[in-house]
Amino acid sequence: MTIPNIITLFRFLLVPAVVFALLTEEVGWAFAGFLAAAVSDGVDGFIARQFDQRSELGAYLDPIADKLLLVSVFVVLGYMGHLPLWLVVAAVSRDALIVGGVVLSTVMGNPVAMKPLLVSKANTLAQLLLAALVLASLSLSFTLGIFYDGLVYLCGLLTAASGAAYLVSWIKHMGGYVDTGTPQGRG
């Protein structure tokens, strides 16, 4: 158990605290918890790289903690009417598609190596920015105006593009194709 893994476990504990704060309309606490999670994510990554404390456990826990927080906040903000339900459904469905594909490929004896795609990183960044700005606007009482609409549609577009990219990648993997598009073993 490394220091970065302990910090990541702390992020797991922040998830129910942030959700509870949102549901009890303590949005200032929810925003503070969300920011604490974001800072701790950066800190654990820095420590892991700088002090060579990377671990296989951390490689799995870190993205799970990030996704759990982001999906939970998206679902609650959607439930509360602060995010459009179509975006929440799209984001959760994309993540379920990815997890389902990983599980299915593992069960079928052809596990997928998890490599984040550039479009997926952009999607996560846009979703984090949207969640943070909505939480900030709720806790600090300001409006995002047209910027909110643009960010919502950008998240929707990136979510769809990321889901499609992962689906294509998964289909190629399961079909035995390598990155060149040539079936393996048929040279």
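None of the values given here were measured: they were computed from a predicted structure.

Draft legend 1. Broad picture of the nonpolar core. Ranked by size, the top nonpolar core spans 34 residues in total, and within it Leu22, Val73, Phe74, Leu130 and Leu135 carry the most contacts. Of all the elements, helix 5 (residues 118-140) adds the most residues to this core, at eight residues. Once residues lying within four places of it in the same chain are set aside, the contact partners of leucine 22 are Val27, Ala30, Val76, Leu77, Met80 and Leu135.

Draft legend 2. Representation of the pattern of salt bridges in the model. Taken as a whole, this structure holds seven salt bridges when the rule is applied. A salt bridge links aspartate 41 to arginine 11; its shortest N-O distance comes to 3.4 Å. In this pair, aspartate 41 sits in helix 2 (residues 27-50) while arginine 11 sits in helix 1 (residues 3-23), placing the two residues 30 residues apart along the sequence. Taking relative accessible area as the criterion, arginine 11 reaches 2% and is therefore assigned buried. For the salt bridge of arginine 54 with aspartate 52, the shortest nitrogen-to-oxygen distance reads 4.0 Å. Relative accessible area serves as the criterion here: at 57%, arginine 54 is assigned to the exposed category. Connected through salt bridges with shared partners, the residues Arg11, Asp41, Asp44, Asp62 and Asp66 form a single ionic network.

Draft legend 3. Fine view of the environment of alanine 36. Inspection of the secondary structure puts alanine 36 in helix 2. Classification of alanine 36 as partly exposed rests on a relative accessible area of 28%.

Draft legend 4. Fine view of helix 5. For helix 5, with 23 residues, the first-to-last C-alpha span of 32 Å sits near the 33 Å given by 1.5 Å per residue. For helix 5, the complete set of buried residues consists of Ser120, Asn123, Ala126, Gln127, Leu130, Ala131, Ala132, Leu133, Val134, Leu135, Ala136 and Ser137. Those residues of helix 5 that are buried are in contact with helix 1, helix 2, helix 3 (56-79), helix 4 (85-107) and helix 6 (146-174). Directly beyond the C-terminal end of helix 5, a positive phi value near 55 degrees is found at serine 141.

Draft legend 5. Structural detail: a nonpolar patch on the surface. On the surface, Met1, Ile6, Leu9 and Leu57 cluster together into a nonpolar patch covering about 400 Å² of accessible area. With respect to the element layout, methionine 1 can be found in the segment before helix 1. Classification of methionine 1 by relative accessible area gives exposed; the value is 67%.

Rules behind the numbers
Residues numbered from 1 in each chain as written. Predicted model: local features only at pLDDT ≥ 70, side-chain atom pairs only at ≥ 80, totals over all residues. Heavy atoms only, no water. Core = buried A, V, L, I, M, F, W, Y, C linked by side-chain atoms within 4.5 Å. Buried < 20%, exposed > 50% of the residue type's maximum accessible area, 1.4 Å probe, protein only. Helix = DSSP H or I, 4+ residues; strand = E, 2+ residues; numbered from the N terminus. Contact = heavy atoms within 4.5 Å. Salt bridge = Lys/Arg side-chain N within 4 Å of Asp/Glu carboxyl O. Expected span 1.5 Å × (residues − 1). Patch = residues over 30% accessible without salt bridge, like charges linked within 9 Å, V, L, I, M, F, W, Y side chains within 5 Å. Areas by Shrake-Rupley, 256 points an atom, 1.4 Å probe, with all protein chains shown as cover.

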